[in-house]
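# Coordinates in review
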Amino acid sequence: VFLSFQVFGTIVWILVASTQIPLPLLQGWVMFVAVTAWCLSIVFLSVFLFGYANRIAVNWNQADFIFHGATFVFYFGAFLLQAATTSLHYLPRKFNSTTQETILSGREYNISIAASV
């Protein structure tokens, strides 16, 4: 389970970082959640791989449940923010009176969809 956090967390991290960031506050939170969950899952994985779980008197089932529950809540919130950013794709952005572009290009729109999923 922790290895899947590393794989999918890294994918989200790469996809969000590779897009243009039209709304830094929203996508900054997505990056924070992805990086924090990734780092904490590496800590949990290291604790179990190196045998520290046997030396530390903690209810590891409860700690695992709390970690995954909190991660679910934060990732769901990050999903909502990333999906909201993606939904603004067709909103025009005015640079001057003659030029209009969309907030996200077609490629960035596709990457943002993948990051949302």
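Not measured: the values here are computed from a predicted model. (Residues numbered from 1 in each chain as written. Predicted model: local features only at pLDDT ≥ 70, side-chain atom pairs only at ≥ 80, totals over all residues. Heavy atoms only, no water.)

## Focus: the overall build of the protein
Scanning the protein from terminus to terminus reveals five helices and two strands. Within the protein, the fraction of its 117 residues that count as buried is 28%. Just so you have it, the protein exposes about 7,600 Å², and 72% of that area is on carbon and sulfur atoms. (Helix = DSSP H or I, 4+ residues; strand = E, 2+ residues; numbered from the N terminus. Buried < 20%, exposed > 50% of the residue type's maximum accessible area, 1.4 Å probe, protein only. Areas by Shrake-Rupley, 256 points an atom, 1.4 Å probe, with all protein chains shown as cover.)

## Some details on the packing of aromatic side chains
Given two aromatic rings, one states the distance between the centres and the angle between the planes to describe the pair. Applying the stated rule across the entire model yields seven aromatic pairs. For the pair F72 and F76, a centre-to-centre distance of 6.1 Å together with 25° between the ring planes defines the contact as stacked. Highlighted residues: F72 and F76, both in helix α4 (residues 60-87), separated by four residues, approximately one helical turn. Consider the rings of F76 and F79, whose centres lie 5.9 Å apart with planes at 40°: the pair is tilted. In this pair, F76 and F79 both sit in helix α4, three residues apart, roughly one turn of the helix. Assessed through its relative accessible area of 42%, F76 is described here as partly exposed. What links up through ring pairs into an aromatic cluster is the set F44, F48, W60 and F67. (Phe/Tyr/Trp six-rings, centres within 6.5 Å; stacked < 30°, edge-to-face > 60°.)

## Observations regarding the UniProt feature "transmembrane region" (unreviewed entry) in the protein
Under the UniProt annotation, the feature "transmembrane region" (unreviewed entry) is placed at residues 29-53 and 65-84. In the segment residues 29-53, helix accounts for 92% and strand for 0%; the C-alpha atoms at its two ends are 31 Å apart. The annotated region residues 65-84 carries 100% helix and 0% strand content, and the separation between its end C-alpha atoms amounts to 29 Å. (UniProt positions renumbered as here; feature names shortened; annotations may be inferred.)

## Notes on the confidence of the model for the protein
It should be kept in mind that the predicted coordinates are not to be read in detail where pLDDT is low. Across the protein, the average pLDDT comes to 79, with 81% of residues at or above 70. At the low end of the mean pLDDT range in the protein sits strand β1 (residues 92-94), at 64; at the high end sits helix α3 (residues 52-55), at 88. (pLDDT = per-residue confidence, 0-100.)

## Comments concerning helix α5 (residues 106-116)
Taken together, the buried positions of α5 are occupied by E108, I111, S112, A115 and S116. Buried positions in α5, seen along its axis, are confined to an arc of 140° and lie on one side of it. (Arc of directions from axis to C-beta.)

## Brief notes about α4
With 28 residues, α4 extends 40 Å between its outermost C-alpha atoms, agreeing within 8% with the 40 Å of an ideal straight helix rising 1.5 Å per residue. For α4, the full list of buried residues reads W60, A63, F67, T71, A78, Q82, T85 and T86. (Expected span 1.5 Å × (residues − 1).)

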